[in-house]
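Results of the structural survey
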Amino acid sequence: MIMRQVTKGIKDAVNTLTRKLTKKQIAVLAVIALALAVIFQSFIRALLSIAILFAIGAFSTYYKRKLEQLGAVGFELVTFTTTLTGVTFGPLIGALFGFATSFISVIISRDIGPTTVFFLVASTVIGAAAMPLSSTFGIVTLGLIAVAFSTMMVHSFTFFVQAETELKIVAAAGILTNFIVNYLFLSYAAGPLLALVS
């Protein structure tokens, strides 16, 4: 019932607008809209690419936390998406993306803890360093260096401060899983995604 009313309202608005406009005016508006789409195509494409990578990164951490709550080992793709964004859009966008994605993923997963600051800093540094380092390393090597850096920043607390052996074993299994999954994503998805977003 509500959908019919909304649809009818939209149709009425379009009919009213088109009745008041001549065919020439509609044609001019269509040409302007097409010209704007062509002019801002790369901007729109970049914005959509960043939004998609942002969603993948943020929700992968949420997924990881949910798996960990069930006793399984998960993986995160914040580092992967931050590396791709930094390589494609430069240090500033990469750093902002890394910080924002990490921050939102922590909020979504409700996982604010002693390592949160390290995670935010690591993601920001990875985003800022990705483009300058991409001239030296291939995307797979660069991504694995980023994962290693992030892991050292985040899990140093677990391995050097925590006394529980079981926690260290679970963290080690999570780190190994994360490396394997990120390696697979970097090996098989990074190239096509970079071609798509650039």
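Data block above holds the structure.
Computed from a predicted model, the values in this text were never measured in an experiment.

This part covers the overall build of the protein. Looking only at helices and strands, one finds nine helices and zero strands in the protein. Along its sequence from the N terminus, the protein presents helices and strands in the succession α-α-α-α-α-α-α-α-α. Each of the 198 residues in the protein was classed as buried or not, and the buried ones make up 31%. Once local pairs closer than 6 in sequence are excluded, the contacts in the protein between residues at least 24 apart make up 71%. Here the protein has roughly 12000 Å² of accessible surface; of this, 74% comes from carbon and sulfur atoms.

Any two packed helices are characterised by the angle at which their axes cross and by the distance between the axes. Across the interface, helix α4 (residues 78-89) lies against helix α6 (residues 116-134) with an axial gap of 7 Å and an inter-helix angle of 40°. Considering the angle they form, α4 stands oblique to α6. The handedness of the crossing between α4 and α6 is right-handed. The residues of α6 that touch α4, namely those facing V78, T79, T82, T83, G86, V87, T88 and F89, are F119, S123, I126, G127, A130, M131 and S134.

Attention now moves to helix α8 (residues 165-188). Its 24 residues place the ends of α8 35 Å apart at the C-alpha level, agreeing with the 34 Å of an ideal helix rising 1.5 Å per residue. Taken together, the buried positions of α8 are A171, G174, I175, N178, V181, N182 and L186.

Now for α6. With 19 residues, α6 extends 27 Å between its outermost C-alpha atoms, agreeing within 8% with the 27 Å of an ideal straight helix rising 1.5 Å per residue. Considering bend angle alone, the principal kink of α6 is centred on A128 and spans about 35°; proline P132 follows within four residues of it. Restricting attention to buried positions, one finds in α6 the residues T116, F119, L120, A122, S123, I126, G127 and A130.

Right, let's get into a nonpolar patch on the surface. Together, V28, L29, I32, L36, I39, F40, F43, I44, L47 and L48 give the surface a local cluster of nonpolar side chains, amounting to about 980 Å² of exposed area. Contributing elements (two or more residues each) for the nonpolar patch: α2 (23-39) and α3 (41-69). Ranked by residues supplied to the nonpolar patch, first place goes to α2 with five residues. Considering the arrangement of structural elements, one finds I44 in helix α3.

Counting through the fold element by element, T88 comes out in helix α4. Of note is the side chain of T88, whose polar atom sits 2.8 Å from the backbone oxygen of L84. Excluding residues within four positions of it along the chain, T88 makes contact with M131, L194, V197 and S198.

Moving on, we come to the side chain of T79. Secondary-structure assignment places T79 in helix α4. Residue class for T79 comes out buried when judged on its relative accessible area of 2%. Here the side chain of T79 touches E76 through a polar contact of 3.1 Å, side chain to side chain. Apart from the residues lying within four places of it in its own chain, the contact partners of T79 are I126, A146, V147 and S150.

On to the nonpolar core, then. One finds F80, L84, V87 and A190 to be the most contacted residues of the largest nonpolar core, which totals 13 residues. Sorting the residues of this core by element identifies α4, α8 and α9 (190-197) as the ones contributing at least two each. Sort the elements by how many residues they give to this core and α4 lands first, with three residues. Beyond its immediate stretch of four places on either side in the chain, V87 contacts A130, M131, S134, I139, L142 and L194.

Thresholds, definitions, all that
Residues numbered from 1 in each chain as written. Predicted model: local features only at pLDDT ≥ 70, side-chain atom pairs only at ≥ 80, totals over all residues. Heavy atoms only, no water. Helix = DSSP H or I, 4+ residues; strand = E, 2+ residues; numbered from the N terminus. Buried < 20%, exposed > 50% of the residue type's maximum accessible area, 1.4 Å probe, protein only. Contact = heavy atoms within 4.5 Å. Areas by Shrake-Rupley, 256 points an atom, 1.4 Å probe, with all protein chains shown as cover. Axes fitted to C-alpha atoms, helices over the stretch in contact; angles between N-to-C directions. Parallel < 35°, antiparallel > 145°, perpendicular 65-115°, else oblique. Left-handed = near helix turned anticlockwise from the far one by under 90°. Expected span 1.5 Å × (residues − 1). Bend = angle between axes of the 7 residues up to and from the residue. Patch = residues over 30% accessible without salt bridge, like charges linked within 9 Å, V, L, I, M, F, W, Y side chains within 5 Å. Salt bridge = Lys/Arg side-chain N within 4 Å of Asp/Glu carboxyl O. Polar contact = N/O pair within 3.5 Å; in protein donor to acceptor, adjacent residues only side chain to side chain. Core = buried A, V, L, I, M, F, W, Y, C linked by side-chain atoms within 4.5 Å.

By themselves, these observations are geometric and do not establish any function.
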